[in-house]
Amino acid sequence: MGVIWLIAKDEWRYWARTKLALVVIIIGLVLTVASVVVNSIQMSHAKHERDHLQQSADKQFLEQPDRHPHRMVHYGHYVFRTPSPLSIVDPGVDAYTGTAIFLEGHQQNSAMFADQRQSSGLTRFSSLSPAFLLQILMPLLIIMVGYGAITREKEQGTIAILITQGVGEYKLLIGKFLALLTLGSMLLLPLLFASIYAIFVGESALLSGIFVLSYLLYVAIWSALVVWVSSITAKGQSSFAISIGLWIAFSILIPRVASSTAATMMPSAGKLESDFAVLDELRKLGDGHIAIDPAFAQLQANLLTQYNAESIDELPINFRGAVAEYSENQLTEVLNQFAETRMHEELSQAKIARLFGWLSPTLSIRSASMALAGTHLETHHRFLREAEALRFEFVQSLNRVHREKLSYEADINRYKDKSTAQNARVDSSNWQVLSAFEFKSQKPQQRLVQSFLYFLQLLFCLGFAFCLIGLTARRLLK
Amino acid sequence: MMMLRDLKRESKFLAKQKPLWALLAILLMLSSFAVYTGVNEIRQQSQTLERLLQKDRLDREDVLSQQTDFGSAAYYSFHLTYAPPQKIAFAAMGQRDVFPWKHRVRMLALEGQIYETDADNPELTFLGKFDFAFLVSVLLPLLIILLLHNIASSEREMGRFDLLLVTAKKQRNFVIPRAFIIICCAALVLILPFITGALVLGTDLTSSLTIGLIALGHLVFWAFLTLFAGHYGNKRFFSSARIASGLIGIWLLLTVILPVASDTIIKQSVTSPNGGEIVLTQREAVNDAWDLPVESTWRDFLVSYPQWSGSTNMQSLFEWKWYFAFQQVGDQKAAALSKRYRNSIVRKDHYASLVSWLSPPMLSQRLMEKIAHTNVSAALAYEDNVRKYHTQLREFYYPLLFNDTTFTEKTLTQVPEFSPLDIQD
């Protein structure tokens, strides 16, 4: 063990002498600190803005005057997705998904106002997020410092001396690896502080710890890869070129290839197209605005027997309200079925893309990081599902108010004159049916489970890199 | 002067360089993959549009056949609007995955509809598409750096430099022919798949040529930069790795740091209303109208359409003309916000275009997107086209509603058709 530390220390001493590592660490730290700070400010600004919009939307709904209940169904409600605490490190898909949904009766709207539509378009490849810097740029810095770790010893001829003096090949390689690992870990300091901050604003401590750990694994993978490349090459320039080649492939190429492959393998129809299929299904169900639609004959017959009435005027409930409730129920079932199919499709696409994580540590840390931070596709889907649950709940509550609290007679005469219109209203206290919407990302346990596979991918990459080192250690001098 | 003899000698030498062959093969594969997915994407988008157009027509015919008055016809019928992909967009998919290019609209308040998106899978969009423009603007510089940074310095490091200087007399006698051959090969493997894609889709010559030239221009820029850095570094006995590190630093500055920093500054300096405010304003205006005295709706409506001032009397508490009038008023009330929202997008794009002059990678990407009509301006032009069409719809139905025209199905055959923007100027 002592020898390994000695070698690591010696590597640090070399970096300090050439000032190389110092420059790299300073550049890396300045960039990550800047990005953590700016990104935290932006995300907390977004959080406040969306919280504020949510509160004012809630307030506006509750403050609506006395009305016909169905008018409130169409008045609708807005929900906004608030970002998760760890999104200050990894905003994930946040910028690419809409963050607001309009909820109303009879339809499921898509999320609106994705940030990317509001950006300058300069950040399609790069982004300010600490996640981008750590996932894409940090390996580059490790390469710039570490490419010569072994080749330098070879070029100077010191490697033979080291080994003949009894420093084992493994110890030499592990020592160099440790030096790079400690260097990379220093670049993770801003991430560590950001994660601690996230714990203070409500993130689970265990999860934040694992979040940092996954990045540490990532640093380890790159440190091992760089040492390995340096050990199989004779010259510094080839070690550098090969490492950069690996970096291009892992960090830039494979993620995009994964995305394009997923889109090509599983083309998805898009919402607009599936909307036609939805419409087809819905037409069969009948229009809930028109109570006399033959589609509701069965409902009418059932209600008449249930209440032992001769005609719908005699029913103790408002038949139009009953129809609205009944048809919303059926319609939602169809809508949900299609929405689930679509989300399932999107998730399958994403999962195809994430499979490429077995080939690229960058993609696996990306998936793991987003899953842990609660900024991946599943979180967005969760938002859509929760919004839909809220929509269904308040629309049906309003329909029940319509059924129970507004007489059928007053209802059908609502357009006759001003006084009948006044009668076809219910008290605004009924709008209290709306429950407050507060979006939280999945529970920590759930996110841990979801990130498990990507964690495995990271471990696999690390194991693979170590195997490579092990295999070449024996032939180091040849 | 570069002699044919030098070229011959250097190509013989280069033909034996395995790393060179490997890099060129990788570039060829990448370029082919980018073109393949691009062509595929264009085909998918065109097929999607064909299916949508057909379904849309059938759906509307079906809906209209069940209507008995113009108000319901306007209320229930949707119209597909779209911006078909230009064929050349296979090379630069640009912003089409973020900005919508297809919408179904109806005659209700447009501000409530136009921000709906039928966006692609956000996680795939986040990972990014691998198109030709991305290859050229982001990856190509790195490959060029790897190919060319050590032409001179590797000879020195191998200890052959002095020998070569003796035999080749002047340094540029071997450096320049060698670089020339490598650049030509790289250009060839980059462009060949692109030409194939252009031929397969039958894109028009001008835009294909321009995109090809931009790609080559960007390649030459990085080649010269790399050769210059190589020459400069070699004279000072820098190692190849050090030269490449410096070049990658420049790449980092131009491709990552400059765009990200300017994006942050642009975001701070251009204030924009939150999109949520627009739709909230529109919704309040539309919903308040139900409870407001009808006169107030008419007053606001007649500001835009004074010609109907004589036709605003109502027989019942609900009439379609009043309903559509307050939809129009909803749009009017949100118009100022909507305009500011849109202007902020235009201004951000404008600043981005200024910044891109400092960064060749950004510049080449933006130029390609411009030619492919996949940039922000193209997305906004499509939005304008949707607005224009929506106005046409209103102006078709208003006379029918306000004049109490007797309903005939034949009149409905004259509903204006959406026509996509004609880009072949």
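Calculation rules
- Residue numbers restart at each chain and count upward from 1, following the sequence in its written direction.
- Numbering of ligands from 1 and lettering of chains from A proceed in the order in which they are written.
- Confidence filtering applies because this is a predicted model: local features only for residues at pLDDT of at least 70, side-chain atom pairs given and counted only at 80 or more, and all residues used for totals across whole chains, interfaces and linings.
- Per the convention used, a helix needs a DSSP run of H or I reaching at least four residues, while a strand needs a run of E reaching at least two, with both numbered from the N terminus.
- Atoms considered for the radius of gyration are the C-alpha atoms alone. The globule rule reads 2.2 Å times the number of residues to the power 0.38.
- We call two residues in contact when their backbone-placed C-beta atoms lie within 7 Å.
- Pairs of strands are assigned from DSSP output, requiring at least two bridges between the strands.
- Every helix has an expected span of 1.5 Å times one less than the residues it contains.
- Only Asp, Glu, Lys and Arg are considered charged in this grouping, and only Ala, Val, Leu, Ile, Met, Phe, Trp, Tyr, Cys and Pro are considered nonpolar; every other residue, Gly among them, is considered polar.
- Residue-level confidence of the predictor is summarised by pLDDT, bounded by 0 at the bottom and 100 at the top.
- Exposure in this text rests on C-beta crowding, where 20 or more other C-beta atoms within 10 Å of a residue's own make it buried, 12 or fewer make it exposed, and counts in between make it partly exposed. The C-beta atoms are placed from the backbone.
- Lines fitted to C-alpha atoms define the axes, with helix axes restricted to the stretch in contact, and inter-axis angles between N-to-C directions lie between 0 and 180 degrees.
- Under this scheme an angle from 65 to 115 degrees is roughly perpendicular, one under 35 degrees roughly parallel, and one over 145 degrees roughly antiparallel; angles in between are oblique.
- Put simply, a nonpolar core is a cluster of buried Ala, Val, Leu, Ile, Met, Phe, Trp, Tyr and Cys residues tied together by C-beta atoms within 7 Å.

**Details of the overall build of chain B**
Part 1 of the reasoning: When helices and strands are tallied, chain B shows 16 helices and two strands.
Part 2 of the reasoning: Relative to the globule expectation of 22 Å for 425 residues, the C-alpha radius of gyration of chain B, 29 Å, shows a markedly less compact shape.
Part 3 of the reasoning: Its C-alpha atoms put chain B at 105 × 45 × 35 Å along the principal axes.
Part 4 of the reasoning: Summarising the internal contacts of chain B: among those between residues at least 6 apart in sequence, 86% fall at separations of at least 24.

**Things to note about the overall build of chain A**
Part 1 of the reasoning: Across its full length, chain A carries 18 helices and three strands.
Part 2 of the reasoning: For 478 residues, the compact-globule formula gives about 23 Å, and the C-alpha radius of gyration of chain A, at 30 Å, lies well above that figure.
Part 3 of the reasoning: The C-alpha extent of chain A, read off along each of the three principal axes, is 105 × 40 × 40 Å.
Part 4 of the reasoning: Taking as baseline every contact in chain A between residues at least 6 positions apart, the subset at least 24 positions apart corresponds to 83%.

**Details of the sheet that holds strand 2 (residues 100-104) of chain A**
Residue and element names in this part refer to chain A.
Part 1 of the reasoning: Here we have three strands laid out as an open sheet, ordered 1-2-3, and antiparallel in their pairing. Each edge of the open sheet is held by one strand with a lone partner, namely strand 1 (77-80) and strand 3 (107-108).
Part 2 of the reasoning: Taken together, the four bridges between strand 1 and strand 2 define a ladder with antiparallel strand orientation. Within strand 2, the residue paired with His77 across the bridge is Leu103.

**Thoughts on helix 9 (residues 205-235) of chain B**
Part 1 of the reasoning: The terminal C-alpha atoms of helix 9 of chain B, which comprises 31 residues, lie 44 Å apart, in line with the 45 Å expected from a rise of 1.5 Å per residue.
Part 2 of the reasoning: With its phi angle positive at about 60 degrees, B:Phe237 sits one or two positions after the end of helix 9 of chain B.

**Quick word on the interface of chain A and chain B**
By a widely used convention, the size of an interface equals the accessible area lost when the partners come together.
Part 1 of the reasoning: The partner chain B presents 72 residues to the 74 residues of chain A that form the contact.
Part 2 of the reasoning: Of the residues forming the side of chain A that touches chain B, the biggest block, 17 residues, is contributed by helix 10 (residues 236-265) of chain A.
Part 3 of the reasoning: The residue inventory of the side of chain A that touches chain B, partitioned by class, reads 39 nonpolar, 25 polar and 10 charged.

**Some remarks on the confidence of the model for chain B**
All names here are of chain B.
Part 1 of the reasoning: With 95% of its residues at a pLDDT of at least 70, chain B reaches an overall mean of 85.
Part 2 of the reasoning: Per-element confidence in chain B ranges from a low mean pLDDT of 61 for helix 7 (residues 161-168) to a high of 92 for helix 14 (residues 360-372).
Part 3 of the reasoning: For this predicted complex, the interface confidence comes out at an ipTM of 0.85, alongside a pTM of 0.85.

**Side note on unusual backbone geometry**
Negative phi is the rule for most residues except glycine; trans is the rule for most peptide bonds.
Part 1 of the reasoning: For A:His106, which is not a glycine, the phi torsion comes out positive at approximately 70 degrees.
Part 2 of the reasoning: Mapping A:His106 onto the fold places it in the loop between strand 2 and strand 3.
Part 3 of the reasoning: Its 17 C-beta neighbours within 10 Å are what place A:His106 among the partly exposed residues.
Part 4 of the reasoning: For B:His373, which is not glycine, the phi torsion reads 55 degrees and is therefore positive.
Part 5 of the reasoning: Its place among the elements puts B:His373 in the loop between helix 14 and helix 15 (376-402).
Part 6 of the reasoning: Among the residues examined, B:His373 registers 23 C-beta atoms within 10 Å and is labelled buried.

**Let's talk about the packing of helix 9 (residues 205-232) of chain A against helix 14 (residues 361-373) of chain A**
Packed helices, taken two at a time, are described by their axes: the angle between them and the distance between them.
Residues and elements named next belong to chain A.
Part 1 of the reasoning: Two numbers describe how helix 9 lies on helix 14: the axes approach to 10 Å, and their chain directions differ by 175 degrees. Judged by the inter-axis angle, helix 9 sits roughly antiparallel to helix 14. Contacts between helix 9 and helix 14 pair Leu207, Ile210, Phe211, Ser214, Tyr215, Tyr218 and Ile221 from the former with Pro361, Ile365, Ala368, Ser369, Leu372 and Ala373 from the latter.
Part 2 of the reasoning: Residue classes in the contact of helix 9 with helix 14 are distributed as 11 nonpolar, two polar and no charged.

**Thoughts on helix 7 (residues 169-187) of chain A**
Part 1 of the reasoning: Over its 19 residues, helix 7 of chain A runs 28 Å from end to end, which matches the ideal 27 Å to within 8%, given 1.5 Å per residue.
Part 2 of the reasoning: Within helix 7 of chain A, 14 of the 19 residues are buried, which leaves the element mostly enclosed by the surrounding structure.

**Digging into the packing of helix 13 (residues 320-356) of chain B against helix 14 of chain B**
Residue and element names in this part refer to chain B.
Part 1 of the reasoning: Two elements in contact, helix 13 and helix 14, have axes whose closest approach is 8 Å; the angle formed by their N-to-C orientations is 130 degrees. Our classification of the angle between helix 13 and helix 14 gives oblique. Mapping the contact onto sequence places Ser353, Val355 and Ser356 in helix 13 and Met362, Leu363 and Arg366 in helix 14.
Part 2 of the reasoning: Considering only residue class, the contact of helix 13 with helix 14 consists of three nonpolar, two polar and one charged.

**As for the nonpolar core**
Note that soluble globular proteins tend to have their nonpolar side chains buried in a common cluster.
Part 1 of the reasoning: If you look at the biggest cluster of nonpolar residues, it comprises 217 residues, and the most contacted ones within it are A:Val227, B:Ala91 and B:Ile144.
Part 2 of the reasoning: When residues in this core are grouped by element, the largest group, 15 residues, is from helix 5 (residues 132-148) of chain B.
Part 3 of the reasoning: With residues up to four places along the chain from it excluded, the contact list for A:Val227 reads A:Gly146, A:Ala149, A:Ile150, A:Leu173, A:Lys176, A:Phe177, A:Leu180 and A:Ile469.
Part 4 of the reasoning: One finds A:Phe394, A:Val395, A:Val401 and A:Trp431 within the second-largest nonpolar core, a separate group that totals 11 residues.

**Points about the environment of B:Gln86**
Residues and elements named next belong to chain B.
Part 1 of the reasoning: Looking at the secondary structure, you find Gln86 in the loop between strand 1 (79-82) and strand 2 (102-105).
Part 2 of the reasoning: Residue classification places Gln86 among the buried positions, given that 21 C-beta atoms sit within 10 Å.
Part 3 of the reasoning: Taking the C-alpha atoms as reference, Gln86 lies 9.6 Å from Ser46; in sequence the two are 40 residues apart.

**Re the environment of A:Leu133**
Residues and elements named next belong to chain A.
Part 1 of the reasoning: Position of Leu133 among the secondary structure elements: in helix 4 (residues 130-146).
Part 2 of the reasoning: Overall, the presence of 25 C-beta atoms within 10 Å leaves Leu133 in the buried class.
Part 3 of the reasoning: Distance in space between the C-alpha atoms of Leu133 and Leu282 is 48 Å, their sequence separation being 149 residues.
Part 4 of the reasoning: Apart from residues lying up to four places away in sequence, Leu133 is in contact with Leu31, Thr32, Ser35 and Met138.

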